[in-house]
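Observations on chain architecture
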Amino acid sequence: LTGPAGPTGDTGLTGPAGPTGDTGLTGPAGPTGDTGLTGPAGPTGDTGLTGPAGPTGDTGLTGLTGLTGLTGPTGATGDTGLTGPAGPTGDTGLTGPTGAKGDKGDTGLLDQATLDFILSHLSELTKTVFATSTEYDGDLVSAANALVGGVGFTDGLTAADFLCQTRAAAAKLPDSGRFKAWLSDSSFSPSTSFYQAPIPYVLVDGTMVDANWTDLTDNEHLTPVYFDEFGDGAPNIVFTNTDLDGAISSVGDNCLNWTSSSQTEKVIYGLSDQLDARWSQAGWGTCDWKGSLYCFEQ
């Protein structure tokens, strides 16, 4: 029988290492450790070469027009340029209206007494005509009665003659009581009631209008009757109801024989600035219009 083991002896010397064995299988990865601190940034590298340009993209939509900016201050006026050459002469313009009457000129070699004498006897050589400065509506009877403060007038032509005489007196014309109105009602007219003068008809300044009655009633005026009793410009519309030859124009268009200012009644009028037949018969108006009167010395 084997006896009991003796005590273990001392370890012997380590022998030489044996050859390395094959590598064992890799064990599973251990858990990820904590991220270490970020190291300092390295130096910036050199800029690389610019690459080729890419293709041009499509044009975008046009944006909205912006608000107009404020107008800047006006710049300084530049120097006046040289005057260009004169252009060709234009056509002659239309003749303008007659200017206002000028101031009375010097009497020349005549003294005032001689001039006054000549003027006071002028009616023996001429007959004065004017258009009244005062304008009236078609009720001439009422206009005349207003001047005398009563009802003394009932006939329109008589009232018109009185209005002419009143204006002649206001202007201190010689023989102011010998003026009659160039006016017709339904029965009477200048051709039947006027003195048909063989001497010239003149304005208050002596300018000839016509050589005589025949010239007055069958031709154009030499000068329009466009002065009033004072020698100033007269109103343009003048009540007449009278043809160029002095006859009645209409038996009805006379403001009821010059007693009405109604808008429903008609009146025939002339124009004081006309030379032809329109000086006496230019058109129709209504009796609420305002018109002047032609006044002829008899």
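Residues numbered from 1 in each chain as written. Predicted model: local features only at pLDDT ≥ 70, side-chain atom pairs only at ≥ 80, totals over all residues. Heavy atoms only, no water.

Re the overall build of the chain
Summing up its helical and strand segments, the chain has 6 helices and 8 strands in all. From first element to last, N terminus to C terminus, the chain shows the α and β order α-β-α-α-β-α-β-β-α-β-α-β-β-β. Counting every position in the chain, which comprises 298 residues, the buried fraction comes to 31%. For the chain, the proportion of contacts with a sequence separation of at least 24, taken over those separated by at least 6, is 64%. Surface summary for the chain: the accessible area is close to 20,100 Å², and the carbon and sulfur share equals 55%. (Helix = DSSP H or I, 4+ residues; strand = E, 2+ residues; numbered from the N terminus. Buried < 20%, exposed > 50% of the residue type's maximum accessible area, 1.4 Å probe, protein only. Contact = heavy atoms within 4.5 Å. Areas by Shrake-Rupley, 256 points an atom, 1.4 Å probe, with all protein chains shown as cover.)

Some words on helix α2 (residues 140-148)
Within the span of α2, buried status applies to L140, V141, A143, A144 and N145. The inward-facing, buried residues of α2 contact α3 (156-170) and α6 (255-258). Where α2 ends, the next residue or the one after it, G149, has phi of about 70 degrees, a positive value.

Re the environment of L163
Note on placement: L163 falls in helix α3. Considered as a pair, L163 and F179 are 16 residues apart in the sequence and their alpha carbons are 9.2 Å apart. Once residues lying within four places of it in the same chain are set aside, the contact partners of L163 are Y136, L140, A143, A144, L147 and L293.

Some details on the nonpolar core
L140, L163, F179, L183, F239, W258 and L293 are the most contacted members of the largest nonpolar core, which totals 27 residues. Only α2, α3, β2 (179-181), α6 and β6 (266-271) provide two or more residues apiece to this core. Looking at this core, the element that brings in the most residues is α3, giving 6 residues. The next biggest cluster of nonpolar side chains, apart from the first, holds 17 residues, and it includes A131, W213, A234 and F296. (Core = buried A, V, L, I, M, F, W, Y, C linked by side-chain atoms within 4.5 Å.)

Thoughts on the pairing of strand β8 (residues 294-297)
Of the two faces of β8, the one holding Y294 and F296 and the one holding C295 and E297 are both buried throughout. Sheet topology places strand β1 (residues 127-131) next to β8; 3 bridges connect them, and they run antiparallel. Of the residues in β8, the one forming a bridge with F130 is C295. Pairing geometry for β2 and β8, over 3 bridges, is antiparallel. (Pairing = 2+ DSSP bridges.)

Regarding the packing of α2 against α3
At a minimum axis separation of 8 Å, α2 and α3 run at an interaxial angle of 50 degrees. Looking at the two axes, α2 sits oblique to α3. Here α2 and α3 pass one another in a crossing that is left-handed. For the pair formed by α2 and α3, the contact residues are L140, V141, A143, A144, L147 and V148 on the first element and G156, A159, A160, F162, L163 and T166 on the second. Residue composition of the contact of α2 with α3, grouped by class: 10 nonpolar, 2 polar and no charged. (Axes fitted to C-alpha atoms, helices over the stretch in contact; angles between N-to-C directions. Parallel < 35°, antiparallel > 145°, perpendicular 65-115°, else oblique. Left-handed = near helix turned anticlockwise from the far one by under 90°. Nonpolar A, V, L, I, M, F, W, Y, C, P; charged D, E, K, R; others polar.)

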